[in-house]
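What the coordinates show
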Amino acid sequence: MRAISGRVVAAVGQALWWCLGCGVALAQAESPATRFEGAVGLTLRHGPAFLGSSDMGYHLTPAGFLRYGRITLTGSGGFTTRTSEDVERGLAAELARRGKLRFSVGLRYDPGRTASDSPELAGMGDIRSTVRARWSARWDPNPHWRLTAGISNDLLGRGGGFVSDLGVTRRWRWGHGESLALGATLGAGGPRYMQNWHGVTAAQSRDSGLPAFEASSGLRDLQLTAVWRTEFQAWGQPFGASLGVGHTRLLGSAADSPLTRQRDFSSAAGALVWRF
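It should be emphasised that the depicted structure is a prediction, and the values quoted were computed from it without experimental measurement.

With that settled, consider the side chain of Gln204. Tracing the chain through its elements places Gln204 in helix α4 (residues 202-208). Of note is the side chain of Gln204, whose polar atom sits 2.9 Å from the backbone oxygen of Met124.

Right under this line is the structure:
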């Protein structure tokens, strides 16, 4: 079984690198003036320690991305290029454009979860970090609306399973680089993912005092977001800023889990980056 899993991981990895190679070829076909760009700055977030936690806090982290043609690299999502194209989290490559449809593939680092993230996780042990492969599609029926769908899977076989998402966004643009986007995203998880993140095993129940709970696959959450972005000049340099708020409602096993202290919660984030 381990040999089979290893071959599957190797095959998927080779396919991903082939896809990224295709992205490089597409990037080289673009004009040099628009081929490369980047941004660096800081993001301040306020939200729960984990999905369903009542332990809320602030987190200040480095932010930014690099883009080479249709390939992007970033530590976190939520950024846009100079042309207002969304930047996917991790290492991603746009593979193809078919009219208003776009297809992408990428690699994402999943940091997992540690019991030290919150007192509410005492006795739950750690969830190992892993690397995820993500395939996504995007449809822009007109300049204002966008539909997205994606699925990602644990490449290293560390119990992460797969997760998927389906989203819709309505965007308004005005002025120079200023926009407002309202979005809704529905998330779902497979049985291994849901049990890993929202289930409680017999051993965990004994160590944490929480009742044992077997999470099942299905819907995980519904997220509603509003994000305002702007571009401006300061000290002769280009900058970008964003402010966003969101509300999440947990669904299915995620909502019923004894780990969940609040099924509904809000979050907020602000970012400032220098573009180059």
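Next comes the rest of the description.
Here the focus is a nonpolar patch on the surface. The grouping of Phe36, Val40, Leu66, Leu73, Trp274 and Phe276 at the surface amounts to a nonpolar patch, some 530 Å² of accessible area in total. Relative to the assigned elements, Phe36 resides in strand β1 (residues 36-48). Residue Phe36 is classed as partly exposed on the basis of its relative accessible area of 46%.

Ile127, Val163, Tyr193, Met194, Trp197, Ala215, Leu250, Ala254, Ala255 and Phe265 together form the largest nonpolar core, which totals ten residues. Among the elements of the structure, α3 (191-198) and α5 (252-256) are those that each provide at least two residues to this core. Residues in contact with Ile127, not counting those within four places in the same chain, are Pro111, Gly112, Arg113, Asn196 and Trp197. By size, the runner-up hydrophobic cluster in this structure holds seven residues, among which are Ala63, Phe79, Val87 and Ala271.

Moving on to the environment of Tyr68. Along the chain, Tyr68 turns up in strand β2 (residues 56-68). Placed 33 residues apart in sequence, Tyr68 and Arg35 show a C-alpha to C-alpha distance of 5.3 Å.

To continue, consider the sheet that holds β2. Judged by pairing direction, the barrel is antiparallel, and its twelve strands sit side by side in the order β1-β2-β3-β6-β7-β8-β9-β10-β11-β12-β13-β14 before closing back on the first. Within the sheet, the average angular offset between the axes of one strand and its neighbour, ignoring direction, is 20 degrees. Relative to strand β7 (residues 101-110), strand β6 (residues 90-98) runs antiparallel, the two being bridged by seven bridges. Along β7, the bridge assignment pairs Arg97 with Arg102. Sheet contacts for α3: β7, β8 (130-142), β10 (162-174), β11 (178-189) and β12 (218-234); angle to β12, the most-contacted strand, approximately 80 degrees.

As a further point, take the pattern of salt bridges. Counting across every chain of the model gives 18 salt bridges. The salt bridge partner of Glu120 is Arg261, with a shortest N-O separation of 3.9 Å. Placement of the pair is Glu120 in the loop between β7 and β8 and Arg261 in the loop between α5 and β14 (264-275), with a sequence separation of 141 residues. Arg261 sits in the partly exposed class, given a relative accessible area of 44%. Among the ionic pairs, Asp165 bridges to Arg134, the shortest N-O distance being 2.8 Å. Here Asp165, found in strand β10, pairs with Arg134, found in strand β8; they are 31 residues apart in sequence, far enough to count as distant. Of the residues examined, Arg134 reaches a relative accessible area of 10% and is grouped as buried. Overlapping salt bridges, with partners in common, bring together Asp86, Arg138, Asp140, Arg146 and Arg171 in one network.

Rules used throughout
- Residues numbered from 1 in each chain as written.
- Predicted model: local features only at pLDDT ≥ 70, side-chain atom pairs only at ≥ 80, totals over all residues.
- Heavy atoms only, no water.
- Helix = DSSP H or I, 4+ residues; strand = E, 2+ residues; numbered from the N terminus.
- Polar contact = N/O pair within 3.5 Å; in protein donor to acceptor, adjacent residues only side chain to side chain.
- Patch = residues over 30% accessible without salt bridge, like charges linked within 9 Å, V, L, I, M, F, W, Y side chains within 5 Å.
- Areas by Shrake-Rupley, 256 points an atom, 1.4 Å probe, with all protein chains shown as cover.
- Salt bridge = Lys/Arg side-chain N within 4 Å of Asp/Glu carboxyl O.
- Buried < 20%, exposed > 50% of the residue type's maximum accessible area, 1.4 Å probe, protein only.
- Core = buried A, V, L, I, M, F, W, Y, C linked by side-chain atoms within 4.5 Å.
- Contact = heavy atoms within 4.5 Å.
- Pairing = 2+ DSSP bridges.
- Axes fitted to C-alpha atoms, helices over the stretch in contact; angles between N-to-C directions.

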